[in-house]
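Structural overview
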Amino acid sequence: MPRDNKTPLIQKIAKQAYVTFQEPKSSANVADKQSELISLVTAVRAADLKIAPRKSKGSAGAAGLQNPPVTYMHICETEVFSMGVFLLRSGASIPLHDHPDMNGMIKVLYGKVNVHCFDKLENHLTVNSVPPHFDPPLDPLQMASVWRSIRRSVEEYTENSGPCLLTPLKDNLHRVDAVGGPAAFLDILAPPYNQDDGRDCHYYQILQTVAERETDGKSGEEQGEEKEKEDEAWLLEVPQPEDFWCGGEPYPGPAVSV
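What you see is a predicted model, and the numbers here were worked out from it, not measured in a lab.

Now for the pairing of strand 4 (residues 103–110). One face of the sheet, then the other: side chains in a regular strand alternate in exactly this way. Within strand 4, 8 of the 8 residues are buried, leaving the element largely enclosed by the surrounding structure. Judged from the 7 bridges that link them, strand 4 and strand 9 (residues 183–190) form a sheet pairing that is antiparallel. The partner of Tyr110 across the bridge, within strand 9, is Ala184. Pairing of strand 4 with strand 7 (residues 164–166), which is carried by 3 bridges, proceeds in the antiparallel orientation. When the bridges of strand 7 are listed, Ile106 appears paired with Cys164.

Next comes the structure, spelled out in C-alpha cells:
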C-alpha cells in the first residue's frame, strides 16, 4: 500500500498511539486500534526520522568513558504516551528495568538488538517466604528487594522485524543489548513514566542460586531434571547501575504534534 506522502509516517504513528492508548481497556475497539498502530510502527525506518545509521567507534581512553553508552532523542510526550528514539553504542545495553502499569513498543530502526523479557510472579518476599540460598549470599536487608520472576523470552530484532511489545503484565521487565555494532530503536510508552503517579523506573539484577551453581556441574540427565525450573529467575531491585547512563541529543526528524 503506498504511503501518504503528505503526512510524515511518524506523525501518523503519534496520532494512532494517542487514539489507541486513550481508549478504555474494556473498549471493543482497542484490539483494532492497536493492530493499526503495530502496522504503522512496523513500517517505520531510520530514514523516516532522518536518522543515519552510525558506524562503530572505538572508546579508547578517558574520552570514550565520558561518552554515554546510550542517548535519547525526545520526539513527543502527552498524558497518554511518550515517544522517542534510543541510540545504543556498539556493545551497549539498557539494563533490566520495569515499566509499572505501562504498555510499550520497541521498533528497531537500524542495527540489531537482543531483548530479554521477564515477568514478575509475585510481590516482595514476606517473612513467611522461604527463598532459595543465593550465591553469593544476600544481606538480610536486601531480601525485601527480591522478586520471583519468569524468563519470558530472548528475541533478536532488526529493522525488518516487527515491534517488541510489552504490557503491564507480560514482558514488562526487559533488557536491551546492542549486538554486533551500534543500534537504534523507536520507543513508545503508554502512559509515560511519572513518579508522582507511581510509574517510576526500577532496575534489577539477576541473582544466581546455590542450586543453579550446583546444576552447572551436573550431568546432562541431572540437568534435565531441573528443566522445569530453568525459566524461573530471582531478581534483586538495585540502584541504576553505575556503568549505565543516558545522554540526550536533538531529534532531527519531522515535527510531531498531537
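Now, onward.
Note that His99 resides in the loop between strand 3 (93–97) and strand 4. On the accessibility criterion, His99 (2% relative accessible area) is buried. In sequence terms His99 and Arg199 are 100 residues apart; their C-alpha atoms lie 7.0 Å from each other. Apart from the residues within four sequence positions on either side, His99 is in contact with Leu166, Asn172, His174, Leu189 and Tyr193.

If you trace the 6 strands from one edge of the open sheet to the other, you get 7-4-9-2-1-12, paired in mixed fashion. Looking at the sheet topology across the chains shown, the edges are occupied by strand 7 and strand 12 (246–248). Going from strand to strand, the sheet's axes swing by 25 degrees on average, the running direction of each strand aside. Here strand 1 (residues 70–77) runs beside strand 12; their pairing, made up of 3 bridges, is parallel. Bridge pairing in strand 12 links Val70 to Cys246. Running at roughly 30 degrees to strand 9, helix 1 (residues 9–21) makes contact with strand 1, strand 2 (82–88), strand 4 and strand 9 of the sheet.

What counts and how
- Residues numbered from 1 in each chain as written.
- Predicted model: local features only at pLDDT ≥ 70, side-chain atom pairs only at ≥ 80, totals over all residues.
- Heavy atoms only, no water.
- Buried < 20%, exposed > 50% of the residue type's maximum accessible area, 1.4 Å probe, protein only.
- Helix = DSSP H or I, 4+ residues; strand = E, 2+ residues; numbered from the N terminus.
- Pairing = 2+ DSSP bridges.
- Contact = heavy atoms within 4.5 Å.
- Axes fitted to C-alpha atoms, helices over the stretch in contact; angles between N-to-C directions.

In short, geometric facts, not functional conclusions.
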